[in-house]
Amino acid sequence: GLTMITIDDVTYTEDDLSEMSKLHVTRINELRGQATQLQMQIEEMNVLISAYANAIRESVKPVEEAEEA
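Residues numbered from 1 in each chain as written. Predicted model: local features only at pLDDT ≥ 70, side-chain atom pairs only at ≥ 80, totals over all residues. Heavy atoms only, no water.

Enquirer: Before we go on, may I ask you to explain the overall build of the protein chain in this structure?
Expert: The helix and strand inventory of the protein chain stands at one helix and two strands. Listed by position from the N terminus, the elements making up the protein chain come as β-β-α. C-alpha extents for the protein chain along the principal axes are approximately 80 × 20 × 15 Å. Sorting the 69 residues of the protein chain into buried and exposed places 6% on the buried side. Accessible surface, the protein chain: about 5,900 Å² in total, of which carbon and sulfur atoms supply 58%. If you average the places of the 5 positive and of the 14 negative side-chain charges in the protein chain, the two averages end up 4 Å apart. (Helix = DSSP H or I, 4+ residues; strand = E, 2+ residues; numbered from the N terminus. Buried < 20%, exposed > 50% of the residue type's maximum accessible area, 1.4 Å probe, protein only. Areas by Shrake-Rupley, 256 points an atom, 1.4 Å probe, with all protein chains shown as cover. Lys, Arg positive; Asp, Glu negative; His and termini not counted. Charge placed at Lys NZ, Arg CZ, Asp CG, Glu CD.)

Given below as structure tokens:
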């Protein structure tokens, strides 16, 4: 039958699965999609965090140079 899902390198087909398991497959696929979106959000947040951190470092640099002079 139709390939439904791969878990731990084992591929399950529609023929292997009960109706309840097919519902679980749908839910796993939804959750995997959400997890992927969250991972992308985390990566984007890290980019923003770096940008703000860089802005802080840049704002402090002229003060340090003025003190040295």
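Now, onward.
Enquirer: Explanation requested: unusual backbone geometry in the structure shown.
Expert: Excluding glycine, most residues fall at negative phi; most peptide bonds, likewise, are trans. A positive phi angle is found at D8, which is not glycine, with a value near 50°. Inspection of the secondary structure puts D8 in the loop between β1 (3-7) and β2 (10-13). Unusually for a residue other than glycine, D9 sits at a positive phi of about 65°. Within the secondary structure layout, D9 lies in the loop between β1 and β2.

Enquirer: What should I look at first to understand the environment of T3 in this one?
Expert: Within the element layout of this structure, T3 appears in strand β1. Distance from T3 to E14, taken between C-alpha atoms, is 6.1 Å for residues eleven residues apart in sequence. Beyond its immediate stretch of four places on either side in the chain, T3 contacts T11, Y12 and T13. (Contact = heavy atoms within 4.5 Å.)

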